[in-house]
Structures are given as structure tokens and as C-alpha cells.
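Fold and geometry: a report
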Amino acid sequence: MEVFGMPVINVYLTVLIIAGLATVLYILFSDIAEGIGDASPLLDPAVILAFISFTSAVGYILELTTEWNHLLILILALGAATALDFLLYFFVLLPLKSAEVSLAYTDESLTGQVGKVIVPVPVDGFGEIVIETVNGIISKRAAGYENKAIDYGKEVLIIEVKEGTFIVKEYEPFRFK
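Each value, and the rule that gives it
Residues numbered from 1 in each chain as written. Predicted model: local features only at pLDDT ≥ 70, side-chain atom pairs only at ≥ 80, totals over all residues. Heavy atoms only, no water. Pairing = 2+ DSSP bridges. Helix = DSSP H or I, 4+ residues; strand = E, 2+ residues; numbered from the N terminus. Axes fitted to C-alpha atoms, helices over the stretch in contact; angles between N-to-C directions. Parallel < 35°, antiparallel > 145°, perpendicular 65-115°, else oblique. Left-handed = near helix turned anticlockwise from the far one by under 90°. Core = buried A, V, L, I, M, F, W, Y, C linked by side-chain atoms within 4.5 Å. Buried < 20%, exposed > 50% of the residue type's maximum accessible area, 1.4 Å probe, protein only. Contact = heavy atoms within 4.5 Å. Patch = residues over 30% accessible without salt bridge, like charges linked within 9 Å, V, L, I, M, F, W, Y side chains within 5 Å. Areas by Shrake-Rupley, 256 points an atom, 1.4 Å probe, with all protein chains shown as cover. Salt bridge = Lys/Arg side-chain N within 4 Å of Asp/Glu carboxyl O. Expected span 1.5 Å × (residues − 1).

Let us look at the pairing of strand β3 (residues 114-119). The side chains of a regular strand alternate, first on one face of the sheet and then on the other. Pairing geometry for β3 and strand β6 (residues 155-162), over three bridges, is antiparallel. Counterpart to K116 in the pairing with β6 is E155. Strand direction decides the pairing type here: β3 and strand β4 (residues 127-133), joined by three bridges, are antiparallel. Following the sheet pairing, V117 is matched in β4 by I129.

Take the packing of helix α2 (residues 45-65) against helix α3 (residues 70-98) next. Their axes nearest at 8 Å, the elements α2 and α3 cross at an angle of 140°. One element, α2, and the other, α3, form an angle in the oblique class. Handedness of the α2/α3 crossing: right-handed.

Our next topic: the nonpolar core. Of all hydrophobic cores here, the largest spans 13 residues; its most connected members are I129, I158, F166 and V168. Where this core is concerned, the elements lending two or more residues are β4, β5 (136-144), β6 and β7 (165-170). Ranked by residues supplied to this core, first place goes to β6 with three residues. When near neighbours in sequence (up to four residues on either side) are disregarded, I158 contacts L110, T111, G112, Q113, I129, I131, F166, I167 and V168.

Around the barrel, which closes on itself, the five strands sit in the order β3-β4-β5-β7-β6 with mixed pairing between neighbours. If you compare each strand with its neighbour and ignore which way they point, the axes differ by 55° on average. Note: β6 against β7, six bridges, orientation antiparallel. Across the sheet, the residue bridging to I158 is V168, located in β7.

The grouping of L84, F86, L87, F90, F91, V92, L94 and L96 at the surface amounts to a nonpolar patch, some 760 Å² of accessible area in total. Within the secondary structure, F91 is located in helix α3.

Look at α2: 30 Å from first C-alpha to last across 21 residues, which is about the 30 Å you get at 1.5 Å a residue. Those residues of α2 not exposed but buried are P45, V47, L49, A50, S53, T55, S56, G59, L62 and E63. The elements touched by buried residues of α2 are α1 (8-28) and α3.

Here it is as C-alpha cells:
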């Protein structure tokens, strides 16, 4: 059977190559088309391109390996692509959209956090603190608020950041009586 003057197997392969190239271009330039998929998951370019790629890949493989009717192969390819696209959307794309959390932080964003002294902070000197965040453990240079010394192992509250040095004071958690 021929479609557009080409054998069906070549049509599947051509569509697969074009969809693959379009997917690569979409990955490179996806920021331009960022809001397109927000209206409906069916309009998301990643979902559409994946559906076309899955359909053509399954159709190509079935045409290559079986002697089935071309219409049956197309129906099976569409069904398999629908199932694979569903799985891709709900188990990969949807979780990725909700997990857009940046691992970046600024020193100023750590103000108000509680850390722990790992190198004692002397009067008129510098020590070192660690802060546990979602990014991991961050180690920073620290000086005492109002030039007060802070011993090793004490919990400290970050008051402010001056020229890369964290100004801290000993942390006193609020206790209800």
C-alpha cells in the first residue's frame, strides 16, 4: 500500500524522523511556547509531539515485523500511542510541572534561618556555621551579633548578612509556659 506515493513503512519512518526533530527543537525553544499547554493537556506541544512519535514508532515497528493489514496496524499504533502518552503525561510531565523548585539560594534568603556553630565564634572574630536546607548542608563564615562570642555546637539565628559574613546570635527557642 502506498500513501503520498511512498510505501506505508516509509511514511511512518519519515513522520518519526520529523517528529523527533520537532521534539528536539521544542526542547531547545520550549520557553517560547511555555504557556501553550496550560489551557489543556491535549494542547501541550510535548504531549502532541510524543503522541505523533509513539504512533509512528509503533506503526513502523509493526509494519516492519508483521504482515498485518495496514489499517489494523494504524489502529493499534494509535491505541498504543494513546496509552503511552497517557503514562508519559501523568507519570512524567505532570510531576515535573509541579516540581519546579529552584535549588538556588542567596545569602539574604538564609536570613532568619537557624544554624549550628561548627567553629566557635570569638569576640571581634569569625567562626563558622552550618545551615541545613533542602539543598543540603551549607557552611558559612559567621560573626557574633554585637560582637558576642558563641561556643561550638550552639544553635544560632541568622540576623543579617554583611559582605558575605553571616551575623548571628545564639538561638533561644520560644517556650510556652
